[in-house]
Amino acid sequence: MRIDIPNRQRKAVAQLIDPDKVTDSSLALTADNAARAKVDFFLAGGSLTSAPVGILVEKLKKLTDIPVILFPGNLIQLTAEADAIFLLSLISGRNPELLIGNHVIAAPFLKNVRESVIPVGYILVDCGGRTSVEYMSQTSPVPRDKYDIAVATALAGEMLGMRAIYLEAGSGAALPTDIKMIEAVRAEITIPLITGGGLNTPDKVEGAFAAGADMVVIGNGCEKNAKLITDACTIRDRYNQRLLSI
Ligand code: 1GP
């Protein structure tokens, strides 16, 4: 199954599941809730995980038909079980391991599942505080109000052949990606735009969609409030109805 991230024609909601934050019973409830809300994708992964991501992916695939995308926080999370794999290049940073080093190590493994690999230009943006991804990646985020830097970075990612751009405020971010930054990047790139990090209320999800995000990723917010994913999907549906009528 080839997975495509929507691009302007419709909007999508992805729910991020961290294998360390679920039990079998909570996962069953999460999957059931996501299936009812018609979540578009599960993302599986995390910055630091002790539970195997491959097992989480297998469980999710048994529980629902929702496609599972691997969102690897590091090389030990690689698994061939997912429907798609985000091959993340941290293009906002200047850490060579996260731009090419890890990709070289992963390539002999990934060549066996190459149809499922989606190269993603991953742009870490300032969210008003330090996040795990910032510390773990040893990179600086794009300053919150430097829209031109975000745009130039996203354009570079597109021209390097990335199939999507991900504006990442960081898991549990105090503030999600600045709306004006989403608008500025959306106006310049032609590939799908994903954003996540700190989207913990329906208003913030609405703001990201309104600014032009094609897909939102929600993790922590759903762990604290299971209804958030349903609300996010309702907002998505409203946008999709509008897009259909254009
Ligand atoms: C993190 O963008 C995702 O990579 C989701 O972040 O957990 O804050 O929703 P949250």
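Predicted, not measured: the structure shown is a model, and the values here were computed from it.

Calculation notes
- Residues numbered from 1 in each chain as written.
- Predicted model: local features only at pLDDT ≥ 70, side-chain atom pairs only at ≥ 80, totals over all residues.
- Heavy atoms only, no water.
- Near = heavy atom within 4 Å.
- Polar contact = N/O pair within 3.5 Å; in protein donor to acceptor, adjacent residues only side chain to side chain.
- Areas by Shrake-Rupley, 256 points an atom, 1.4 Å probe, with all protein chains shown as cover.
- 1 Å grid on protein atoms, 1.4 Å probe; cavity = no way out; pocket = protein on both sides within 12 Å on 5 of 7 lines; lining within 4 Å.
- Sits in = over half its atoms within 2 Å of the grid points.
- Helix = DSSP H or I, 4+ residues; strand = E, 2+ residues; numbered from the N terminus.
- Nonpolar A, V, L, I, M, F, W, Y, C, P; charged D, E, K, R; others polar.
- Buried < 20%, exposed > 50% of the residue type's maximum accessible area, 1.4 Å probe, protein only.
- Arc of directions from axis to C-beta.
- Contact = heavy atoms within 4.5 Å.
- Salt bridge = Lys/Arg side-chain N within 4 Å of Asp/Glu carboxyl O.

Caption draft 1: Looking closely at the site of the ligand. The environment of the ligand is formed by 15 residues, the closest being Glu-168, Gly-172, Gly-198, Gly-219 and Asn-220. In the model, an oxygen atom of the ligand is placed 2.9 Å from a nitrogen or oxygen of the Ser-171 side chain. At 2.8 Å from an oxygen atom of the ligand is found a main-chain nitrogen or oxygen belonging to Gly-219. Its free accessible area being 310 Å², the ligand has 96% of it covered by the protein chains. With respect to the detected pockets, the ligand is housed in the largest pocket. Contributions of two or more residues to the shell around the ligand are made by strand E6 (164-168) and strand E8 (215-218). Here the residues of the shell around the ligand are counted per class, giving 6 nonpolar, 8 polar and 1 charged.

Caption draft 2: View of helix H2 (residues 53-63). For H2, the complete set of buried residues consists of Val-53, Gly-54, Leu-56, Val-57 and Leu-60. Here the buried residues of H2 occupy an arc of 160 degrees about the axis, which is enough to place them on one side. Next to the buried residues of H2 lie strand E1 (12-17), helix H1 (24-37), strand E2 (41-44) and strand E3 (68-70).

Caption draft 3: Main features of the pattern of salt bridges. Taken as a whole and judged by the stated rule, the model has 13 salt bridges. In this structure, Glu-134 engages Arg-130 in a salt bridge whose closest nitrogen and oxygen atoms are separated by 2.8 Å. A salt bridge links Arg-238 to Glu-206; the nearest nitrogen and oxygen atoms lie 2.5 Å apart. In this pair, Arg-238 sits in helix H9 (residues 227-245) while Glu-206 sits in helix H7 (residues 202-211), placing the two residues 32 residues apart along the sequence. By relative accessible area, which is 35% here, Arg-238 ends up partly exposed. Salt bridges sharing common partners tie together Arg-10, Asp-40, Arg-236 and Asp-237.

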